[in-house]
Amino acid sequence: KWMLLTVGTPGSAFTLVLLRFLNEWRKGGDSTAAKQAAVDQLFFVVMLLYPQISQRIFSALRCHTLGAEFEVLEVDYRVDCLATKYRVYKALAIALVLLWPIGIPLGLGFLLRREWRKSKREWDQSDETGRRTHAGEFGPLDDETAFPRFHVSRIEENYGFCIGPYRQECFWFEPVDMLRKLALSGLLQFFERGTAAQVLVGCGLACASFGMQFYVRPYKEPESNLLKALVEAQIFITFLISFILR
């Protein structure tokens, strides 16, 4: 069941996206548009499955000690954590942690950082006329948002799926938000369930998330920033009340 959820579900979704792309490519349509559509669909699948798959992967690493030589999987007491068969799954779970919960946001962040460096080199090498062409009709070149506008316009075609909702200065926010989700859904699982320590760590993470959201305000729409801040505040208050009750 764990293999089906952590490997089969995303694998099936990625296969469907690939088959659709190959079908569009075989028909002789616009290959660039088909490729971009496939990338957008893959990212949608990743964002949809990321929290759930990450949580499932981490669940295979949490064992509960019931004695000196008796250790069982916390989510399924039928699984002996000292058995050889479990060690195989544990090794696979560690590899999946590096590939999915950690690898996806870090990989996306690396790609965005690489593109930012390319934009920076191109911007620095351009003369004033070229920069005005890059900046377009958005104002003077001494405006601090001139370079972010150029950078976003350069990468929007390939990375619009992850920078579209955000302000131009906050093109980097998506992988950061994915790591936030990872911390709330995965990191807390390594603390004993229902303990004050688990709730305290969650409270700290939620407080930091609220502070970052309130300070950065990454979304283009003010309503989206307000809604996200209210959600983060609600999560923090929930953790805080739980900690007080503990």
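Residues numbered from 1 in each chain as written. Predicted model: local features only at pLDDT ≥ 70, side-chain atom pairs only at ≥ 80, totals over all residues. Heavy atoms only, no water.

### Describing unusual backbone geometry
Look at Arg-217: it is not a glycine, yet its phi comes out positive at around 50°. Tracing the backbone through its elements, the reader meets Arg-217 in the loop between helix 8 (196-216) and helix 9 (222-245). Using a relative accessible area of 47% as the deciding quantity, one classes Arg-217 as partly exposed. (Helix = DSSP H or I, 4+ residues; strand = E, 2+ residues; numbered from the N terminus. Buried < 20%, exposed > 50% of the residue type's maximum accessible area, 1.4 Å probe, protein only.)

### Notes on the packing of aromatic side chains
Two aromatic rings, taken as a pair, are described by how far apart their centres are and by the angle between their planes. Enumeration over the complete set of coordinates arrives at twelve aromatic pairs. Ring centres of Trp-123 and Phe-147 lie 5.9 Å apart, and the angle between their planes is 65°; this geometry places the pair in the edge-to-face category. Placement of Trp-123 in helix 4 (residues 103-125) and of Phe-147 in helix 6 (residues 146-163) is noted, with a sequence separation of 24 residues between them. When sorted by exposure, Trp-123 lands in the same class as Phe-147, which is buried. (Phe/Tyr/Trp six-rings, centres within 6.5 Å; stacked < 30°, edge-to-face > 60°.)

### Quick notes on the nonpolar core
Within the largest apolar cluster, 31 residues are counted, with the highest numbers of intra-cluster contacts made by Trp-100, Leu-112, Cys-162, Ile-163 and Met-178. Top element by residues in this core is helix 2 (residues 31-59). It accounts for ten residues. (Core = buried A, V, L, I, M, F, W, Y, C linked by side-chain atoms within 4.5 Å.)

### As for the packing of helix 4 against helix 6
The contact between helix 4 and helix 6 brings their axes to 10 Å, and the two run at 145°. Handedness of the crossing formed by helix 4 with helix 6: right-handed. Residues Leu-108, Leu-111, Leu-112, Arg-114, Glu-115, Trp-116, Lys-118, Ser-119, Lys-120, Glu-122 and Trp-123 of helix 4 pack against Ala-146, Phe-147, Phe-150, His-151, Arg-154, Ile-155, Tyr-159, Cys-162 and Ile-163 of helix 6. Among the residues making up the contact of helix 4 with helix 6, the classes are represented as twelve nonpolar, two polar and six charged. (Axes fitted to C-alpha atoms, helices over the stretch in contact; angles between N-to-C directions. Left-handed = near helix turned anticlockwise from the far one by under 90°. Contact = heavy atoms within 4.5 Å. Nonpolar A, V, L, I, M, F, W, Y, C, P; charged D, E, K, R; others polar.)

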